[in-house]
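# Structural characterization, general
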Amino acid sequence: MLKRNWMFGFVLLLAALTLLVVGCGEPEEVVDDPEVVEPDEVVITVAAGAVGMELELTRDLAEMYSEANEGVTVNVLDTPDMVEDRLGLYLQFFEAQSSEVDVYQIDVIWPGDLAEHFVDLYEYGAGAVADDHFPAIVENNTVDGRLVGIPWFTDAGLLYYRTDLLEKYELDAPQTWDELEEYAQIIQDGEREENPDFWGFVWQGNAYEGLTCDALEWIASNDGGTIIEPEGVITINNPNAIEIVDQAAGWVGTISPEGVTTMAEEESRAVWHAGNAAFMRNWPYAYATSMADDSAVAGVFDVSPLPAGKSGSGAATLGGWQLAVSKYSENPEIAADVALFMASHEGQKYRAVEGTFNPTIMDLYDDPDVLEAAPFFGSLYDVFINAVARPSTVTAPQYAAVSELFYNAVHDVLTGQKNAADAFEELELDLQDLTGFPVE
Amino acid sequence: MAGKNDLDSSKKSKAPPKMGFSDLAKREERLALRLLLPALLIILLIAFYPLAQVFYTSFTDRVFASGEETNFIGFDNYRRLLSVHVTELEPVLDETTGQQLTDPDSGEKVFERPLDILPREPVRYRELNQFNLFGKRYVIGATDTNFIESVQNTLTFTVISVFIELVLGLVIALVVNSKFRFRGSMRAAMLVPWAVITVVSARMWEWMLAPSRIGMFNALFDRLGIIESPIAFLASGGYQLSALIAVDVWKTTPFMALLILAGLQIMPEDIFEAAEIDGAGKIRQFFMITLPLLKPAIAVALIFRTLDALRVFDIFQVMLGQSTYSMASYNYFQLIGNRNMGLASAIGVIIFILIFVFAVSYIRMLGVDEE
C-alpha cells in the first residue's frame, strides 16, 4: 500500500514537472519549427547574439526579409552571451561541417581564426557596398583578399554616468581615472546613507574576453601599449601598464563591489539599470536599454569617452560584430543575400534607431533619425573611429590563448592573488612561449 | 576465475556435480556467447571505437574544427600536462651581514623567487606551490599548473561532497523509511532537486549566491547582521569550492538517499524484532544490523556518486567559467577555447585512467563483486 503511495506521488511529481517544462516553452518555438514550413521553401538560419535587445531586433529584420522574399524563411538561433561560449557553439557546427546554420554573427576578433569556414562575400555582391563601411573594419574582415564577414555593428567602450548625481554633488563628468575614483567615492559615500546597495563604478571584471577589453582600455589610456603591438612585439610588462592595473585592483571592494570580478556586461548593466551605480563602463547597446521604461536611470544619464590616464586621452576597445556566411550552407547565395540585407543601410539604421547599435556605414552617422535616437553617435564619432584594436590579427590563430593568459593575469591582480608587477612579468614569459614574439 | 568458482561450489557441495553435464554446459556456453555477440559488437562500436580514437588523437597536435594538417607528436601532450619539478629555494642574504633578509611588511623570511629558479627550457615550469621541509624552502613547479590544479580541485570536490552526501543521504533515507503520514509525498518531494537539470540549478544557485543583496545568501546574512559588506562567493578562491560543494550536495543528496532507501526496504523486519527481544537498543541495532546489511547498497551509491563527481563539468562551467577549472571543464576549455584537440584528448585519457583506478579500487575495497 505504502509502496503504491510512493509510486503515485512520484508519478504525480513527474507529471507536474512535465507540465512545467511544456508551460515554459517559448511560443516562438512553433514558428521556428521547420515542419510548419512549406516543402519547397528555403530556410535560412542566422546564429545571433542575445545581449540587451539584440535578439529582438535580429528577429524583426529576419521577419522583414521573410515577408519581402516569398519562399524564404529566416530563423534566428539565439546564442550564449559569453563570447567564449558562443565560439564554442560555432566550432561544434564547423567541426561537423553542419549546414544547420547559414549565417553566423562573428566577433571582430574572429575573422583571422575562422576564415576557412566562411565564403568570400565579394563573390556574392558585397563589393558594391564594402566602400560604405568603415575601412578599418572591412580591412579587419578581409583575410587573404577574401571578405569573410560584412560589418554589422561596431562597438567601443563608453563611460556611462548619472547626470542627476553629478549635479547633486556638484561634479563634472570625470576626465581622468583619478577623478573617476574620487567622484565615485564621493557619490557612493553620499548615496549609501539611503541606499546600502549603491556603488560608485561598475564594469566587467570576470575572467573572460570582456576583461581583456576593459583592461586594454586602462592600459592604452595610460600609455601602456596594447599587450602585443601590431608589429609583433610583446609590451605588456611596462611600468605604465602595471601602475594602472594595480590602481584598478584598488577599486575592487572600494568603489566597485567585490563581485565585480564575477561580472560580465549584463551583470554590470543590471546594477546600473536598477539605479545602483554612479558610473558604468559598457558598450553602446546599454544606451537603449537604459532609456527603456523599466529603467531607473532613464533620462538621468549620459555617456562620455572613457577617462584618460597618463597618455592624456581615454581609450576605447574596438568591438563589434560581423555577419559571415558558412561555407557549409546549402543555399549560400540566399544566405549571403540575408546577411547583406541585415547589414544594409536599412538594416543598420533600424538597429541604430531601435537599439542604439553603432552602424558601420559612415553615412548613418549624419542621419537625423539615428542622431535623434542616439545623440552621442555624433558627439562621440571620434571615439568610434579611433577605437583600439585587440591584438587579434597579429596573434592569429592564437588570439584566444593570448587573451586567456592576459585576462587571467589581470583577474589574479583584481582578486588580490598577485600584484601587477609579478603577474605581468610572468605573463610576458607566457606570451613569449606561446607566440615566439620578441620582448620590447 | 572459473576454476576458483568450481572449487568453491564443490566445497559447498550444494550444486550438483558438473561432470556428465559438460556437453550441455558447453553447448549452452556457446549459445550464450552467440547471444551476447550483438551486444558486444555494439559496445565495441560505440564505446571502444571512440575511446581508441581519443587515445590516438592524444598523440597528435590536431586542431579542433580546422582543416590544418595533423602531426604525430608522441608523448608531448602528456609531458606538457604532467611534468612536475621540485627544487629548493635558496634564502636571500643581506650583503653586509650575511643574514637572511626579512620582508619589512609581513615579517616573513625572503627566499629566491620561484620565477627565477624554475627551468624555462624546453618548456617553462610555473609555480604551483611552496612548502617547508627540514627548515628548507622548496617550490613545486609544473608545466601546466591549470591542469594540476584542476585535478586537485576535482579530487577535493569529490571527496568532500560525496562524504557529506553519504552522511546526509543516510539520515534522510532512515527518516523516510520510518512510518509516518504523507510518507509517499515526502519521498516524492525529496527528489525535486535531483530532477532539476544541473545547468538550470547551477544558474539558480548563481543567482542565490550573487555578490550583492540581490543574492539570497547575501540578503539573508545582511538581515541577520553577520556580514559587513556582501561576499562575492564565486569570485575568490576560498569560497568557490565550498559554494560548488554546497550546490552539489543540495542536488545529489536525494539520489544518494534514494539508493540507500532501496537498500533499507529489502531489509527483513524479523531481524530487528529478534534484536529487540534480545535487548539491543536502537543505536546498537543500527550499527550491528542496519549498517552491515546496507553495505552493498552504500557501495553502489558511493561508486555511482564518486565516478559522477570525478567527471563534474556543468556546475564548474556555469558558475566559475575560466577562473577555476575542474578536470572536465579544463578539458572543455582546451578543446573549445584553445581548439587544442590533441591536448584535450590527452586530458580525456588521463581522466579516464583516474576514474578507472577509482572504480577498480572501490570494487576491491568494498568487495562488491562477491556479494
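Reading the values: rules and limits
- The residue numbers shown here count from 1 along each chain, following its written sequence.
- For naming, the first written chain is A and the first written ligand is 1, with later ones following in the order written.
- In keeping with the model being predicted, local features are shown solely for residues with a pLDDT of at least 70 and side-chain atom pairs are shown and tallied solely at 80 or more, while totals for entire chains, interfaces and linings include all residues.
- Hydrogens and water are ignored here; the side-chain numbers use all heavy atoms of the structure.
- Exposed residues in this analysis have more than 50% of their type's maximum accessible area, buried residues have under 20%, and partly exposed residues fall in between, with area computed by a 1.4 Å probe over protein chains only.
- Helix and strand assignments follow DSSP, with helices taken as H or I runs no shorter than four residues and strands as E runs no shorter than two, numbered in order from the N terminus.
- Note that the arc is computed from the directions linking the helix axis to the C-beta atoms.
- To qualify as a nonpolar core, a set must consist of buried Ala, Val, Leu, Ile, Met, Phe, Trp, Tyr and Cys residues joined through side-chain atoms within 4.5 Å.
- Each domain's limits were defined by an automated method or a database of domain assignments.
- For two strands to be treated as a pair, DSSP must find at least two bridges joining them.
- To get an axis, a line is fitted to the C-alpha atoms, and for a helix only the part in contact is used. The angle between two axes follows their N-to-C directions and goes from 0 to 180 degrees.
- Two joining distances apply to patches: 9 Å for like charges and 5 Å for nonpolar side chains (Val, Leu, Ile, Met, Phe, Trp, Tyr), and every residue must have over 30% relative accessible area and no salt bridge.
- Here the accessible surface of atoms and residues is derived via Shrake-Rupley with a 1.4 Å probe, and residues count as covered only by protein chains that are part of the display.
- By convention in these notes, a salt bridge is any Lys or Arg side-chain nitrogen within 4 Å of a carboxyl oxygen on Asp or Glu.
- His is not counted, nor are the chain ends, whereas Lys and Arg count as positive and Asp and Glu as negative.
- The atom standing in for a charge is NZ when the residue is Lys, CZ when it is Arg, CG when it is Asp and CD when it is Glu.
- Planes of paired rings set the category: under 30 degrees apart is stacked, over 60 is edge-to-face and the rest tilted, where pairs are Phe, Tyr or Trp rings (Trp by its six-membered ring) whose centres lie within 6.5 Å.
- Counted as over-ring charges are cases with an Arg CZ or a Lys NZ within 6 Å of the ring centre that also lie within 35 degrees of the ring normal.
- By the convention used here, residues are in contact when the closest approach between their heavy atoms is within 4.5 Å.
- By buried area we mean how much accessible surface two parts lose on assembly, using a 1.4 Å probe and totalling the loss over both.
- Pairs of N or O atoms within 3.5 Å make up the polar contacts considered here, provided that, within protein, one atom can donate a hydrogen while the other can accept it, and that residues adjacent in sequence are counted only when both atoms are side-chain atoms.
- The classification used treats Ala, Val, Leu, Ile, Met, Phe, Trp, Tyr, Cys and Pro as nonpolar, Asp, Glu, Lys and Arg as charged, and all other residues, Gly among them, as polar.
- In this scheme the handedness of a crossing depends on how the near helix is turned from the far one: anticlockwise by less than a right angle means left-handed, clockwise means right-handed.

A few words now on helix 6 (residues 183-190) of chain B. What sets the pattern is the α-helix's 3.6 residues per turn: residues three or four places apart point alike. Buried residues of helix 6 of chain B: Arg183(B), Gly184(B), Arg187(B), Ala188(B) and Met190(B), and no others. Considered in projection along helix 6 of chain B, the buried side chains sweep an arc of 165 degrees and stay on one side of the axis.

Nonpolar side chains in soluble globular proteins generally cluster together in the buried interior. Judged by nonpolar contacts, the single largest core of 143 residues is most densely connected at Trp218(A), Ile236(A), Phe279(A) and Phe424(A). With 8 residues, helix 19 (residues 399-414) of chain A is the largest single contributor of residues to this core. Formed jointly, this core draws a minimum of three residues from each of two domains, domain 1 (37-156 + 319-385) and domain 2 (158-317 + 389-435) of chain A. Counting residues in each nonpolar core, the second largest holds 63 residues, with Leu241(B), Ala297(B), Phe333(B) and Ile347(B) among its members.

A separate point is the sheet that holds strand 13 (residues 318-325) of chain A. Residues and elements named next belong to chain A. The 5 strands lie next to each other as 2-1-3-13-6, forming an open sheet whose pairing is mixed. Edge strands, defined here as strands with exactly one partner in the open sheet, are strand 2 (72-78) and strand 6 (150-156). With strand direction ignored, the average angle separating the axes of adjacent strands in the sheet is 20 degrees. Pairing of strand 6 with strand 13 involves 6 bridges; the strand directions are antiparallel. Within strand 13, the residue paired with Pro151 across the bridge is Gln322.

A separate point is a negative patch on the surface. A grouping of Asp131(A), Asp132(A), Asp363(A) and Asp366(A) is seen on the molecular surface, where their side chains present a negatively charged patch. Assignment of secondary structure puts Asp363(A) in the loop between helix 14 (345-355) and helix 15 (368-373).

Attention shifts here to the packing of aromatic side chains. Residues and elements named next belong to chain A. If you walk through the whole model with that rule in mind, you get 50 aromatic pairs over all chains. Relative to Trp321, the ring of Trp110 has its centre 5.6 Å away and its plane inclined at 85 degrees; by these criteria the two rings are edge-to-face. Placement of the pair is Trp110 in the loop between strand 3 (103-107) and helix 5 (111-114) and Trp321 in strand 13, with a sequence separation of 211 residues. Here the two residues Trp110 and Trp321 agree in accessibility, since each one is buried. Feature note: the residues Phe134, Tyr160, Trp272, Tyr287, Phe301, Tyr365, Phe376, Phe377, Tyr381 and Phe384 constitute an aromatic cluster, connected by ring pairs. Taking the ring centre of Trp321 as reference, the NZ or CZ of Arg86 above it sits at 4.5 Å. The ring of Trp283 is capped by Arg281, whose NZ or CZ atom sits 4.3 Å from the centre of that ring.

Here the focus is the pattern of salt bridges. For the coordinates displayed, the defined rule picks out 27 salt bridges over all chains. Notably, a salt bridge pairs Arg281(A) with Glu217(A), separated by 2.7 Å at the nearest N-O pair. With Arg281(A) in strand 11 (residues 277-282) and Glu217(A) in helix 9 (residues 209-221), this residue pair connects regions lying 64 residues apart in the sequence. Classification of Arg281(A) as buried rests on a relative accessible area of 2%. Taking the relative accessible area as the measure of exposure, Glu217(A) reaches 1% and is therefore buried. A salt bridge links Glu206(B) to Arg203(B); the shortest N-O distance between them is 2.7 Å. With Glu206(B) and Arg203(B) both in helix 8 (residues 198-208) and 3 residues apart, this pair spans about one turn of that helix. Its relative accessible area of 41% is what places Arg203(B) among the partly exposed residues. Taken together, the shared-partner salt bridges in this structure form one network comprising Glu426(A), Asp430(A), Asp433(A), Arg124(B) and Arg126(B).

Interfaces are often sized by the accessible area lost when the parts come together. Residue and element names in this part refer to chain A. Taken as a whole, chain A is organised into domain 1 (37-156 + 319-385) and domain 2 (158-317 + 389-435). Facing the 28 residues of domain 1 at the interface are 26 residues of domain 2. Carbon and sulfur atoms make up 69% of the surface buried where domain 1 meets domain 2, a total of about 2000 Å² over both sides. Together, Ile109, Ala156 and Phe376 form the three largest contributors to the area buried by domain 1 at its contact with domain 2, with a combined 26%. The interface formed by domain 1 and domain 2 contains 0 salt bridges. One can count 6 residue pairs in polar contact (both at pLDDT 80 or more) joining domain 1 with domain 2. Listed by contribution, the elements that provide at least two residues to the side of domain 1 that touches domain 2 are helix 4 (83-95), helix 5, strand 6, helix 14 and helix 17 (381-385).

Another aspect to go through is the interface of chain B and chain A. Chain B puts 38 residues into the contact, and the matching count from chain A is 39 residues. Here chain B packs against chain A, burying approximately 3300 Å² in sum over the two surfaces, 57% of which is carbon and sulfur. The tally of links between chain B and chain A comes to 8 salt bridges. Linking chain B with chain A are 10 residue pairs in polar contact (both at pLDDT 80 or more), by the criterion used here. At the level of secondary structure, the elements contributing two or more residues to the side of chain B that touches chain A comprise helix 6, helix 7 (192-195), helix 10 (237-265) and helix 14 (327-337) of chain B. Residue classes in the side of chain B that touches chain A are distributed as 19 nonpolar, 10 polar and 9 charged.

On to the sheet that holds strand 3 (residues 136-142) of chain B, then. Residues and elements named next belong to chain B. Across the sheet, which stays open at both edges, the 3 strands sit in the order 1-3-2 with antiparallel pairing between neighbours. Looking at which strands have only one partner, the edges of the open sheet turn out to be strand 1 (84-89) and strand 2 (126-133). Neighbour-to-neighbour, the strand axes of this sheet turn through a mean angle of 25 degrees, independent of strand direction. Note: strand 1 against strand 3, 6 bridges, orientation antiparallel. Within the sheet, the bridge partner assigned to Glu88 lies in strand 3 and is Tyr138.

So, on to a nonpolar patch on the surface. Residue and element names in this part refer to chain B. Together, Val159, Ile160, Phe163, Ile164, Val167, Leu168, Val171, Ile172, Val175, Phe180 and Met186 line one region of the surface with nonpolar side chains, adding up to about 900 Å² of accessible area. Along the chain, Val159 falls in helix 5 (residues 145-177). Of the residues examined, Val159 reaches a relative accessible area of 56% and is grouped as exposed.

Residues and elements named next belong to chain A. One can describe the packing of helix 3 (residues 54-68) onto helix 14 by two numbers: an axis separation of 11 Å at closest approach and a directional angle of 145 degrees. In this structure, helix 3 meets helix 14 at a crossing whose hand is right-handed. Facing Glu54, Leu57, Thr58, Asp60, Leu61 and Met64 of helix 3, the residues of helix 14 in contact are Glu346, Gly347, Tyr350, Arg351, Glu354 and Gly355. Classifying every residue of the contact of helix 3 with helix 14 gives 4 nonpolar, 3 polar and 5 charged.

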